[in-house]
Amino acid sequence: MIFTLFQFFEVLAVIVFLVGFLEAANNGVARTPPLGWMSWERFRCNTDCVTYPDACINEQLIMQMADHMAADGYKDVGYEYVCIDDCWPLKTRGADGRLVPDPARFPSGMKALADYVHSKGLKLGIYTDFGYMTCGGYPGSEFYLQLDAETFAEWDLDMLKLDACYSFGEDLKYGFPAMEFYLNRTGRQFVFSCDWDWAMNDQANYTHMAEFCNMWRIAHDMEDYWDNVQLVIDVYANNSRNFSAFTGPGAWADADSVIVGLYGLSDDQERAQFGMWAMFASPLLLAADLRSIKNSSKALLLNKNILAINQDPLGIQGTLRMKLGQDKIYVFLKELTGGRTAVALFNSDYHGQPVRATFMLNQLGLTNGNGYSFTDGFTGMARGKYMPATEINIDVNPTGIDIFIATPV
């Protein structure tokens, strides 16, 4: 591990004050998975506001997304955070060492933007990087953790994503607690999102992540095509080193952006991504352009039944229990309040016809002697009553999903 002298003293200062002071899972925020919108997947690092005035990273974009979240029903169902990802500052820090929002793209400044977002009943999130440079080539927070935390607090921000580009992977175990320490020291509450280097998941210390981070990335960046969604679902299915055991109120394994409403997914695939992210108790950070999203995608993102699965206060991450239909159907279970269980049947096959899932509830550990009433996970409509040893047959569309809630009778 390469650890600079400056980094050593910065981290040493944290360690002196750390004991008994800091636990992200107990910092009072993110008791259920955070819901909101994030700029990266749809708008990337587009800073050309001359050529693309409606699709560049600037204050107008953030204000318009906040407007639509407030006016179009998103806030009403729990979406709360409007998050700016990479590429918002100037390429150099100011003379005082502080990060400077690009004045051409954020002429009002971040404090004024936060005030605007707050006026809509929403919260503003921002991005930085533990390395010397962000993924997009902007100034990182290496050597500036305390100053940046204080700056973000002075701007009245509410969420911070700390990325890991241009840093040494071994140093992340120091960087995340150090930044969380400085955030907490400001006295302002932040949801703290740790973008752990997903390529190092086999080395990740999940006890450490759950202690210092409100949410942490568990897989690669989400891209707008189906195979990428499938890869993330497989990460959760594999549940490497039982990371699901560390998910719960205040600390969430993050599957990355919800790409419902973009370009790459069919209607069934949109349902599958949204349904599985809900089963995973993942934060739901939308990527779509809320100004032009199609009605069917919007209706899905506003589906209160699926959101209730995601936001269930027990905070249990759904896990894979079995595979059916020649291993094409993944069966995930998520325990809910009131003794209920959400069951998701996800069809990983993309060929031309539905796959039949045949199973009994007692195979899933659902053994209540009086049976279970089923309600549809998407519509909330009743789907009948089943005994533990009753054979159940459900056909699931290619790259599609079926979710039902089993409630003991």
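Residues numbered from 1 in each chain as written. Predicted model: local features only at pLDDT ≥ 70, side-chain atom pairs only at ≥ 80, totals over all residues. Heavy atoms only, no water.

**Observations regarding the overall build of the protein**
Rules: Numbering goes from the N terminus for both helices and strands, where a helix is a DSSP run of H or I of at least four residues and a strand is a run of E of at least two. For a compact globule the rule gives 2.2 Å times the number of residues to the power 0.38, and the radius of gyration it is set against comes from C-alpha atoms. Relative accessible area decides the class of each residue, using a 1.4 Å probe on protein chains only: under 20% of the type maximum gives buried, over 50% gives exposed, and in between gives partly exposed. The contact definition used throughout considers only heavy atoms, calling two residues in contact when any of these lie within 4.5 Å. Shrake-Rupley sampling with a 1.4 Å probe provides the accessible areas, and residues are treated as covered by the protein chains on show and by no other component. Counted charges follow a simple rule, with Lys and Arg positive, Asp and Glu negative, and His plus the chain ends left uncounted. Think of each charge as sitting on NZ of Lys, CZ of Arg, CG of Asp or CD of Glu.
Assigned secondary structure in the protein consists of 11 helices and 16 strands. Its C-alpha atoms give the protein a radius of gyration of 22 Å, within 12% of the compact-globule value 22 Å for 409 residues. Expressed as a percentage of its 409 residues, the buried residues of the protein come to 56%. Relative to all contacts within the protein whose residues are 6 or more apart in sequence, the contacts with residues 24 or more apart total 72%. Accessible surface, the protein as shown: approximately 15900 Å² in total, 52% of it carbon and sulfur. Averaging the locations of the 30 positively and 49 negatively charged side chains of the protein gives two centres separated by 5 Å.

**Things to note about the state of the cysteines**
One covalent bond between the sulfur atoms of two cysteine residues makes up a disulfide. Note the following rule: Two cysteine sulfur atoms form a disulfide, by the criterion used here, when they sit within 2.5 Å.
Applying the stated criterion to the full structure yields 4 disulfides. With its sulfur 2.0 Å from that of its partner, Cys49 forms a disulfide with Cys56. On the sign convention where negative is left-handed, the bridge of Cys49 and Cys56, at about 105° about the S-S bond, is right-handed. Here the cysteine-cysteine linkages of the protein are recorded as 1-4, 2-3, 5-6, 7-8, numbering only bonded cysteines and doing so in sequence order. Cys194 supplies the cysteine sulfur nearest to Cys83, a cysteine that is in no disulfide, at a spacing of 14 Å. The class for Cys83 is buried, based on a relative accessible area of 2%.

**A short note on the sheet that holds strand E2 (residues 81-83)**
Selection rule: At least two bridges found by DSSP between two strands are what make those strands a pair. Each axis is a line fitted through C-alpha atoms, and for a helix only the stretch in contact is used; angles between axes span 0 to 180 degrees, taken between their N-to-C directions.
Reading across the sheet, the 8 strands line up as E7-E6-E5-E4-E3-E2-E1-E8 and stay open at both edges, with parallel pairing between neighbours. If you trace the sheet from one side to the other, it starts and ends with strand E7 (252-254) and strand E8 (284-286), each paired once. Each strand axis lies, on average, 25° off the axis of its neighbour in the sheet, ignoring direction. As defined by bridge partners, strand E6 (residues 215-217) adjoins E7 across 3 bridges and the pair is classed as parallel. In the strand pairing of E7, Arg217 is matched with Asp254.

**Quick notes on the sheet that holds strand E9 (residues 319-324)**
Whether parallel or antiparallel, the strands of a sheet pair through hydrogen bonds between backbone atoms. Here we have 6 strands laid out as an open sheet, ordered E9-E10-E11-E16-E13-E14, and antiparallel in their pairing. Edge strands, defined here as strands with exactly one partner in the open sheet, are E9 and strand E14 (382-386). For this sheet, the mean inter-axis angle between neighbouring strands, taken without regard to orientation, is 25°. Examined bridge by bridge, strand E11 (residues 341-347) and strand E16 (residues 401-408) share 6 bridges and lie antiparallel to one another. Each residue of the ladder has a partner; that of Leu345, found in E16, is Asp402. Of the strands in this sheet, E9, strand E10 (329-335) and E11 are in contact with helix H8 (residues 226-238), which crosses E10 at around 55°.

**Brief notes about the confidence of the model for the protein**
Which entries qualify depends on this criterion: The predictor attaches a confidence to each residue, and that confidence, scored 0 to 100, is pLDDT.
Mean pLDDT over the protein works out to 93, with 92% of the residues at or above the 70 mark. In the model, residues 1-9 has pLDDT below 50 throughout and makes 16 contacts with residues more than four positions away in sequence or in other chains. Low pLDDT (under 50) marks residues 13-22, which in the prediction has 18 contacts with non-local residues, meaning those over four places away or in another chain.

**Topic: the nonpolar core**
Heads up, the rule is: To qualify as a nonpolar core, a set must consist of buried Ala, Val, Leu, Ile, Met, Phe, Trp, Tyr and Cys residues joined through side-chain atoms within 4.5 Å.
Ranked by internal contacts, the top residues of the largest apolar core, which has 100 residues, are Trp37, Tyr79, Trp88, Phe274, Met276 and Trp277. No other element matches helix H6 (residues 172-185), which puts 7 residues into this core. In contact with Trp88, other than residues within four places in its own chain, are Leu99, Val100, Pro101, Asp102, Arg105, Phe106, Met110, Ile126, Tyr127, Phe152 and Trp155. Ranked by size, the runner-up nonpolar core spans 20 residues in total, among them Leu324, Val331, Tyr372 and Phe404.

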